[in-house]
Amino acid sequence: MKAFELYDATTVDQAVELLQQHGPTSKVLAGGSDLVTGVMKDWVHGPGMPYPNVLIDITTIPGMHGITVGDSGLKIGAATTLTDIVESEEIRATWPVLSDSAFSVASPLIRNFATLGGNLNQRPRCWFLRGENFPCYKKGGDFCFAVTGDNTYNAVIGGELCYIVHPSDTATALLALNAKTTIAGPAGQREVAFDDYFIGPREDVLRENILQANELMVDVTVPTPAANTKMAWTKLKDRQVYDFALTSVAVVATVDGGVWQEGRIVLGGVAPVPWRATVVEEALAGKDIRSAAKTAAALIRGQARPLSNNAYKVDIAIGLTERMLLSLVA
Ligand SMILES: Cc1cc2nc3c(=O)[nH]c(=O)nc-3n(C[C@H](O)[C@H](O)[C@H](O)COP(=O)(O)OP(=O)(O)OC[C@H]3O[C@@H](n4cnc5c(N)ncnc54)[C@H](O)[C@@H]3O)c2cc1C
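Residues numbered from 1 in each chain as written. Predicted model: local features only at pLDDT ≥ 70, side-chain atom pairs only at ≥ 80, totals over all residues. Heavy atoms only, no water.

Visitor: Where do I start with the site of the ligand in this structure?
Guide: Lining the immediate surroundings of the ligand are 33 residues, of which Val-28, Ser-33, Leu-35, Thr-115 and Asp-169 lie closest. In this structure, Asp-34 approaches the ligand through a main-chain N or O atom, which is 2.8 Å from an oxygen atom. Leu-35 places a main-chain nitrogen or oxygen 2.7 Å from an oxygen atom of the ligand. The protein chains hide 94% of the 980 Å² of surface that the ligand would expose on its own. For the shell around the ligand, the element with the highest residue contribution is helix α7 (residues 116-121), accounting for 4 residues. (Near = heavy atom within 4 Å. Polar contact = N/O pair within 3.5 Å; in protein donor to acceptor, adjacent residues only side chain to side chain. Areas by Shrake-Rupley, 256 points an atom, 1.4 Å probe, with all protein chains shown as cover. Helix = DSSP H or I, 4+ residues; strand = E, 2+ residues; numbered from the N terminus.)

Right, dumping it as structure tokens:
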């Protein structure tokens, strides 16, 4: 690992100024559980992706931490730890899908210092991206090694060019909750819905979201759910101890007398972005969930283009989606 400069920012404006001053080789540092212990020690850099020489710690900014609940919803500072989210009784009572997703991340020790902003902006875990000998698209190369190599854990949906899967569990839940984030940059602050935050390889193969090099995430806001809202979350892993999702499913929907009114279904571990299964949502509109769940969930197959070793994920995605839908009316 190379030496780097470290700045402790004390305000959001100062952090933005430092990012501007040092350019694309500077990075926002939160808990460091991915940036320092992963990215900087793995080989997640190349011609298209400079090695971070300057780290700007944002956990030293007082206003970046904390959870507040008001009439319109929930606000979480980007530097709030995942443990704080898991332990919040208010989040557990009203937005259980977010508690469950945060609880499913890594281990208690990591959740104690890993932050929400870091979890949402962490880099993918593809072993070719993280491996020394693979100059893939994300590192400025011109090949995705998952296409011909071991692609057991890679994308089965939307994986054009690059077949990473988005690694964040909280992203899946927040997209299902129709959440937004506040981004700070040189031109001030702006709010962006998570619907528009994550981007796939066709839009820009070098990154996974719209955040520019001189911007940072300040907070996340989640609306108060409408009456009759039901939520469900599940995550299948290869092993019982901490691991990333083979596939996860978050469902947030209004349900009346067992009938699907309006809702969002988001899958993790299957695509380069947290993937919204709109095809399933549309098939459920106005239908009795118990009778429609199986056929609706099966529509995922039509969206999937698995690689040589990962067709099993499509079956898992369909099975877990059906199971979560039925759990809404159990
Ligand atoms: C053993 C292990 C198991 C794991 N298992 C899971 C899992 O099951 N599910 C899962 O979702 N994750 C998992 N992770 C990933 C882990 O959750 C992330 O490493 C962690 O959430 C990152 O948070 P951090 O605060 O440490 O971020 P950092 O490592 O500090 O930052 C990560 C990235 O986000 C950027 N960043 C951080 N904060 C901001 C901000 N406010 N604005 C803009 N950019 C920002 C950084 O520049 C960096 O690029 C695992 C990690 C490990 C080491």
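Having seen the model, we can carry on.
Visitor: Just to check I follow, could you spell out the pairing of strand β10 (residues 247-256) for this structure?
Guide: One face of the sheet, then the other: side chains in a regular strand alternate in exactly this way. Buried residues dominate β10, accounting for 9 of its 10 residues. Relative to strand β11 (residues 259-268), β10 runs antiparallel, the two sharing 9 bridges. Bridge assignment links Ala-250 to a residue of β11, and that residue is Val-266. Connecting β10 to the antiparallel partner β11 that follows it, the hairpin turn spans 2 residues, and Gly-257 within it adopts a positive phi of roughly 55°. (Buried < 20%, exposed > 50% of the residue type's maximum accessible area, 1.4 Å probe, protein only. Pairing = 2+ DSSP bridges.)

Visitor: How should the side chain of Thr-115 be read in this particular structure?
Guide: Position of Thr-115 relative to the elements: it lies in the loop between α6 (108-111) and α7. Here Gly-118 takes part through its backbone nitrogen, which lies 3.0 Å from a polar atom of the side chain of Thr-115. Not counting chain neighbours up to four residues away, the residues in contact with Thr-115 comprise Ala-30, Gly-31, Ala-78, Ala-79, Thr-80, Thr-81 and Leu-82. (Contact = heavy atoms within 4.5 Å.)

Visitor: Help me understand the sheet that holds strand β3 (residues 54-57), please; the structure alone is not making it clear to me.
Guide: Strand-to-strand pairing in sheets goes through backbone hydrogen bonds, with the strands running parallel or antiparallel. Strand order in the open sheet formed by 3 strands is β1-β3-β2, and the pairing between neighbours is parallel. Looking at which strands have only one partner, the edges of the open sheet turn out to be β1 (5-8) and β2 (26-29). Mean inter-strand twist for the sheet, computed between neighbouring axes without regard to direction, equals 25°. Across the sheet, helix α1 (residues 12-22) lies against β1, β2 and β3, angled at about 155° from β2, the strand it touches most. (Axes fitted to C-alpha atoms, helices over the stretch in contact; angles between N-to-C directions.)

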